[in-house]
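Architecture at a glance
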Amino acid sequence: MTGAVSRASLAEAKERLEAVIPSSAVAGGSGGSSPQNDTADLATLGGDLFAVLHLIDREHGLRRAVSDPSRDGADKAQLVQILLEGKVSPAALGLVADVVRLRWSKPSELSDAVEVLAVTAEAARAEADRRIDDLEDELFRFSRVVEGEPELRGALAGPGLPDDRKLGLVNALLDGKVTPATMTLVTELVLRPRGRSLEAGLAEYGRLVAQRRQRLVALVRTPVELTEAQRARLAAVLATAYGHDVHLNIELDPASIGGLSIEIGDEIIDGTIAGRLDDVRRRLGAG
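The rules we used
Residues numbered from 1 in each chain as written. Predicted model: local features only at pLDDT ≥ 70, side-chain atom pairs only at ≥ 80, totals over all residues. Heavy atoms only, no water. Helix = DSSP H or I, 4+ residues; strand = E, 2+ residues; numbered from the N terminus. Buried < 20%, exposed > 50% of the residue type's maximum accessible area, 1.4 Å probe, protein only. Contact = heavy atoms within 4.5 Å. Areas by Shrake-Rupley, 256 points an atom, 1.4 Å probe, with all protein chains shown as cover. 1 Å grid on protein atoms, 1.4 Å probe; cavity = no way out; pocket = protein on both sides within 12 Å on 5 of 7 lines; lining within 4 Å. Points joined across faces, edges and corners; volume = space filled by probe spheres on them. Nonpolar A, V, L, I, M, F, W, Y, C, P; charged D, E, K, R; others polar.

1. Concerning the overall build of the chain
Helix and strand counts for the chain come out as 13 helices and four strands. Expressed as a percentage of the 287 residues in the chain, the buried residues total 43%. Of the contacts formed within the chain by residues at least 6 apart in sequence, a portion of 68% connects residues at least 24 apart. When the accessible area of the chain is evaluated, it comes to approximately 14,700 Å², of which 53% is carbon and sulfur surface.

2. Re empty space enclosed by the protein
Considering all chains together, one arrives at two cavities of 30 Å³ or more under this definition. Counted as a void, the largest cavity has a volume near 80 Å³. What lines the largest cavity is Val52, Leu55, Ile56, Leu62, Val66, Val80, Leu83, Leu84, Val96, Val100, Leu110 and Val114. Among the residues forming the lining of the largest cavity, the class breakdown is 12 nonpolar, no polar and no charged.

3. Some points on unusual backbone geometry
Most peptide bonds take the trans configuration, and most residues that are not glycine carry a negative phi. With a phi angle near 60°, Arg130 is a residue other than glycine that sits in the positive phi range. The topology assignment puts Arg130 in the loop between helix 6 (107–128) and helix 7 (132–148). Although it is not a glycine, Arg194 adopts a positive phi angle of roughly 55°. With respect to the helices and strands, the residue Arg194 is situated in the loop between helix 10 (180–191) and helix 11 (198–212). We classify Arg194 as partly exposed; its relative accessible area is 27%.

As structure tokens, then:
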């Protein structure tokens, strides 16, 4: 569990990230530079932050040194400057230097924070292209493909294939079919899962993308495809109930028989006939 010190530091790190994201990259923003330039900067930022994550995950001594709470923050920032100057963009270097100045409860939480910033930068990249909805949908759809095809999951997540073969498989599946941010995030999870299953990593990255839009994600299981009008009405009802915009991930589930099952975080709203039958069976069993 993340300590209170690290939670506060993560919140501050996110604020530092927002400060370096070009204003015109934010939905509805109106910065002075062109969207093309903003997108290129964000593509560099996300990739550079992932490169820093790989370094500190690989070099345990470095990770301990830059997360040591007893060490002066300026010294840690200077170490980062020496190691990374000229190897990552100035924006990424300044952000990482700021992050290592913060206090972290343990070294792994510094690494986790850099990963969060990298994913958020990729979400901002998609937002700059007005494709953040596509990014959310693509991560969800890919997770469902992986979940439904054990052989593909084994090839991408198992130890059998070398990284270059896995990368080739990801390219064959997704290249030219998804947003650049989706390609970056899926590739990252396939090649460097950081101890998670591929499905868990995709779910976590999807949650971070949704956070970028400050909205909730609802997994909706339905026996039939919903029309656009039905989706819009459902999203509006859930937004009113939860006080946040809600992004719908729709999953066709013939076993639900009728009605909808909606999962938001740890809460499940089950209006399906199958759900009601299960509830009746539980009540009968309890009696």
